[in-house]
Amino acid sequence: MKRLFLRLLAAVLLAVFVLAFVGWLTFRASLPTLDGAMSVGGLRASASIERDAAGVATITANNRADRAFATGFAHSQDRFFQMDMIRRQAAGELAEVIGEAAIGFDRRFRLHRFRSRARAEVTTLSDNDSAMLRSYADGVNAGLASLGAKPFEYFVLGVDPESWQPEDTVLVAYAMFVQLNDSR
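The rules behind the values
Residues numbered from 1 in each chain as written. Predicted model: local features only at pLDDT ≥ 70, side-chain atom pairs only at ≥ 80, totals over all residues. Heavy atoms only, no water. Helix = DSSP H or I, 4+ residues; strand = E, 2+ residues; numbered from the N terminus. Buried < 20%, exposed > 50% of the residue type's maximum accessible area, 1.4 Å probe, protein only. Phe/Tyr/Trp six-rings, centres within 6.5 Å; stacked < 30°, edge-to-face > 60°. Lys NZ or Arg CZ within 6 Å of the ring centre and 35° of its normal. Contact = heavy atoms within 4.5 Å. Lys, Arg positive; Asp, Glu negative; His and termini not counted. Salt bridge = Lys/Arg side-chain N within 4 Å of Asp/Glu carboxyl O. Polar contact = N/O pair within 3.5 Å; in protein donor to acceptor, adjacent residues only side chain to side chain. Core = buried A, V, L, I, M, F, W, Y, C linked by side-chain atoms within 4.5 Å.

Novice: An account of unusual backbone geometry is requested, with residue identities and associated values reported.
Specialist: The phi torsion at arginine 113 lies on the positive side, around 55°, for a residue other than glycine. Looking at where arginine 113 falls in the secondary structure, it is placed in the loop between α4 (103–110) and α5 (114–123). According to the relative accessible area criterion, arginine 113 is exposed, its value standing at 53%.

Novice: Hey, could you go over the packing of aromatic side chains for me, with residue numbers and the actual values?
Specialist: This structure, assessed with the given rule, holds five aromatic pairs. A centroid spacing of 5.1 Å and a plane angle of 45° characterise the contact between phenylalanine 105 and phenylalanine 109, whose relative ring orientation is tilted. In this pair, phenylalanine 105 and phenylalanine 109 are both assigned in helix α4, four residues apart and thus about one turn of the helix distant. In this structure phenylalanine 105 comes out as partly exposed when scored by relative accessible area, which is 33%. Looking at phenylalanine 109, the relative accessible area reads 2%, which means it is buried. Plain terms: the ring middles of phenylalanine 114 and tyrosine 174 are 4.7 Å apart, the flat faces sit at 25° to each other, and that makes the pair stacked. Placement of phenylalanine 114 in helix α5 and of tyrosine 174 in helix α8 (residues 166–181) is noted, with a sequence separation of 60 residues between them. By the burial criterion, phenylalanine 114 is buried, and tyrosine 174 matches it. Over the aromatic face of phenylalanine 155 sits the side chain of lysine 150, whose NZ or CZ is 4.8 Å from the ring centroid.

Novice: How would you sum up the environment of alanine 102? Please name residues and give values.
Specialist: With respect to the element layout, alanine 102 can be found in the loop between α3 (95–98) and α4. Put simply, alanine 102 and glutamine 89 are 13 residues apart on the chain and 9.3 Å apart in space, counted from C-alpha to C-alpha. Setting aside its immediate chain neighbours within four residues, alanine 102 contacts Leu94 and Ala95.

Novice: Tell me about the side chain of aspartate 66, residues and numbers included.
Specialist: Residue placement: aspartate 66 occurs in helix α2 (residues 64–91). No salt bridge is formed by the buried aspartate 66; its nearest oppositely charged neighbour, arginine 44, is found at 5.2 Å. In this structure the side chain of aspartate 66 is engaged in a polar contact, spanning 2.9 Å, whose partner is the backbone nitrogen of arginine 44.

Novice: Explain the nonpolar core to me, and be specific about the residues and the numbers.
Specialist: Grouped together as the largest cluster of nonpolar side chains are 19 residues, with contacts concentrated most on Phe80, Met83, Met85, Tyr136, Val140, Tyr154 and Trp164. Of all the elements in the fold, those that place two or more residues in this core are α2 and α6 (127–146). Ranked by the residues each element gives to this core, the list is headed by α2, at six residues. For tyrosine 154, the residues in contact, after removing those within four places along its chain, are Phe80, Phe81, Asp84, Val159, Asp160 and Pro161. Membership of the second largest hydrophobic core comes to twelve residues, among which are Phe114, Val122, Leu133 and Val178.

Shown next, in the form of structure tokens:
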């Protein structure tokens, strides 16, 4: 009986170890590659993202579009989940990811119709500004695709990240406006 118990305990410990190891590998795969060179489609010329010892990015590029792309790439690699939560907050779409607990919060933001306003605003931009937002969004999506796995928060929530659209950048600006002007 004791021998059976020890074998069962060893099997459970081995299973826990394997699950923890797989979880660690998955988490590790969701972290950005910070060293070395990477070839990414979507650039007109070359761009570089250099990070100092603290991980702060310095971006250089030959033109504004590539700089916007590289900025989006770095933002996405570093904090796509936070960006996603901010855009969802402004659009009143947090409950789609978090669940019923966010419905009241979503109602408050949907009242402003920020998603439709952002879509409309993007259509009124100059060609140059529209191209910058598109380049940034393409960089965000390329940065997300460069990760070996989706950010770990999405595993915890059991959802997949959605691609970044130019209107999402406008949604982030709306969220910042509300945060900086809200009396609560």
